[in-house]
Amino acid sequence: MLDDGNAHLESTKQSHLSEIIGQSPIMVRLQGQVARLLSRQIVGGRLPPILLEGETGTGKGLMARALHRCSTRYAAPFIDVDCAAIPETLLEAELFGYERGAFTDARQTKPGLFELAERGTIFLDEIGLLPRSLQAKLLKVVEDQRVRRLGGTRSQLVDAWVITATNEDLAVATRGGLFREDLYHRLATVTLRMPPLRERGDDIILLAERFLARISAQYGVPTRLLSADAKAALLSHSWPGNVRELLNLIERVVLLWDERIITADRLDLSPSPQLNGGASLVTPPHEIPTRLRRFGRIVDRKRLVEVLGEAGWNLSLAAGQLAVPRNTLRYWMVKLEIHPPGEAAPSARVAQPAIRLPMGNP
Ligand SMILES: Nc1ncnc2c1ncn2[C@@H]1O[C@H](COP(=O)(O)OP(=O)(O)OP(=O)(O)O)[C@@H](O)[C@H]1O
Ligand SMILES: [Mg+2]
């Protein structure tokens, strides 16, 4: 017979995992992996570290939350930490806590995020950007399940499920010396790869239709439908921003247009020579673009070159400075034709000739 914990799990697992929409073979395989993993857990028991890999916008954050809610830890906290967003000097104190007097401003003892995640889950996003100085400390916590606060003399046991996410290839970062190999192997005990949207076939239409229904309801307008040519345009787009890009596009279309049926030209997925402000985005072949507009953000080429120069052309460092994933930075570099002095144009997973920037109002 199921006890209360298990009964809850069984009833909620389906609903939380079904938030991750997808029926393509690659997503069904992923759902199967997740279901098998979750079926191994016992109430109060430990779960192996999980590494979520995938390009930006593929649903790593969504998956991390769903895993927590479907686990035996659902009633305890889910602590979400963006390693790229917190300055290195603060990150150590945030993660591991500190004792009073540990440093000048430490007027009170403060528990770290690992302690706050007790019996629950700590989600370390953008783990590839975790400074090397903290990687050794994290390895110790993951291996020994013990943390020692800054300025503390004793370590204490912590019981937090560690889920990490990255949109760069950590194995490559490991070979390049940017990420400790021992930590990588520990965190990647179970690796789940969130596939890019372009590998999910008809899921693109399934997602678009679900988003149309959800967003139409949110704005109180009749549910919009996709024409055949709109579906074809969605299927042939390369989606560098993945599910997030699709979601933003659908929201924009629902807001901007009143027609019930959405046609391909309303999606505006074809290349367009003009920005809204009139500045040219797609330039003649030999003219280097100076600015890029991405989802409402203006990316300035000159500024990017400056940041990269200051970071010694270290992409991880520069991405950290700009608070964007490395892949995004690579994408910007490709679009703005920026490459390190003396090197050929950079290659990027997202840098395919088929990529088109969504134009129109972000
Ligand atoms: N399979 C899916 N079904 C429904 N919604 C999804 C799916 N995948 C992603 N989303 C939605 O797309 C958006 C982007 O997902 P999410 O933030 O989890 O991506 P991410 O991989 O963490 O991106 P980043 O690397 O930029 O942090 C979110 O609004 C999320 O809810
Ligand atoms: Mg995320």
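Rules of the game
Residues numbered from 1 in each chain as written. Chains lettered and ligands numbered in written order. Predicted model: local features only at pLDDT ≥ 70, side-chain atom pairs only at ≥ 80, totals over all residues. Heavy atoms only, no water. Buried < 20%, exposed > 50% of the residue type's maximum accessible area, 1.4 Å probe, protein only. Helix = DSSP H or I, 4+ residues; strand = E, 2+ residues; numbered from the N terminus. Pairing = 2+ DSSP bridges. Phe/Tyr/Trp six-rings, centres within 6.5 Å; stacked < 30°, edge-to-face > 60°. Lys NZ or Arg CZ within 6 Å of the ring centre and 35° of its normal. 1 Å grid on protein atoms, 1.4 Å probe; cavity = no way out; pocket = protein on both sides within 12 Å on 5 of 7 lines; lining within 4 Å. Points joined across faces, edges and corners; volume = space filled by probe spheres on them. Axes fitted to C-alpha atoms, helices over the stretch in contact; angles between N-to-C directions. Parallel < 35°, antiparallel > 145°, perpendicular 65-115°, else oblique. Contact = heavy atoms within 4.5 Å. Nonpolar A, V, L, I, M, F, W, Y, C, P; charged D, E, K, R; others polar. Core = buried A, V, L, I, M, F, W, Y, C linked by side-chain atoms within 4.5 Å. Domains from an automatic or database assignment.

**Description of the pairing of strand β1 (residues 50–53)**
The side-chain alternation of β1 yields two buried faces, one formed by Ile50 and Leu52 and the other by Leu51 and Glu53. Taken together, the four bridges between β1 and strand β8 (residues 161–166) define a ladder with parallel strand orientation. Each residue of the ladder has a partner; that of Leu51, found in β8, is Thr164. Here β1 pairs with strand β9 (residues 190–193) via four bridges, running parallel. Opposite Glu53, over in β9, you have Arg193 as the bridge partner.

**So, the packing of aromatic side chains**
The relation between two aromatic rings is expressed through the spacing of the ring centres and the mutual angle of the planes. Tallied over the entire structure, the rule returns three aromatic pairs. The lysine or arginine in question, Arg266, covers the ring of Trp257, its NZ or CZ lying 3.7 Å from the ring centre.

**With respect to empty space enclosed by the protein**
For the coordinates displayed, the defined rule picks out two cavities of 30 Å³ or more. Its boundaries defined by the atoms lining it, the second largest cavity holds a volume of some 30 Å³. Along the walls of the second largest cavity sit Arg224, Val253, Trp257, Glu259, Ile261, Ile262 and Arg266, which together make up its complete lining.

**Remarks on the packing of helix α14 (residues 315–322) against helix α15 (residues 326–335)**
For the pair α14 and α15, interaxial distance at closest approach is 9 Å and the crossing angle is 100 degrees. One way to sum up the angle between α14 and α15 is to call them roughly perpendicular. In this structure, α14 uses Leu315, Ser316, Ala318, Ala319 and Leu322 to contact α15, whose residues at the interface are Arg326, Leu329, Arg330 and Met333. Classifying every residue of the contact of α14 with α15 gives six nonpolar, one polar and two charged.

**A look at the nonpolar core**
Within the largest apolar cluster, 31 residues are counted, with the highest numbers of intra-cluster contacts made by Leu95, Phe114, Ile122, Leu124, Ile127 and Leu138. Those elements giving two or more residues to this core turn out to be β2 (78–82), α4 (88–96), α5 (113–116), β5 (121–125), α6 (132–144), α7 (170–175) and α8 (181–187). The dominant element in this core, judged by the number of residues it contributes, is α6, at five residues. Setting aside residues no more than four positions away along its own chain, Phe114 makes contact with Leu95, Phe96, Ile122, Leu124, Leu138, Val141, Val147, Val158, Ala160 and Val162. Formed by 25 residues, the second largest nonpolar core is a distinct cluster that contains Ala208, Ala233, Leu234 and Ile262.

**Let's talk about the layout of surface pockets**
One number sums up the size of the largest pocket: a volume of about 940 Å³. Every residue lining the largest pocket is counted, 40 residues in all, and those nearest its centre are Thr56, Gly57, Thr58, Gly241 and Arg244. Listing elements by their share of the lining of the largest pocket, those giving two or more residues are α3 (60–70), α9 (203–218), α11 (242–256) and α15. With five residues, α11 is the single largest residue contributor to the lining of the largest pocket. Split into classes, the residues belonging to the lining of the largest pocket amount to 19 nonpolar, ten polar and eleven charged. Split by domain, the lining of the largest pocket shows at least three residues from each of two domains, domain 1 (4–195) and domain 2 (199–335).

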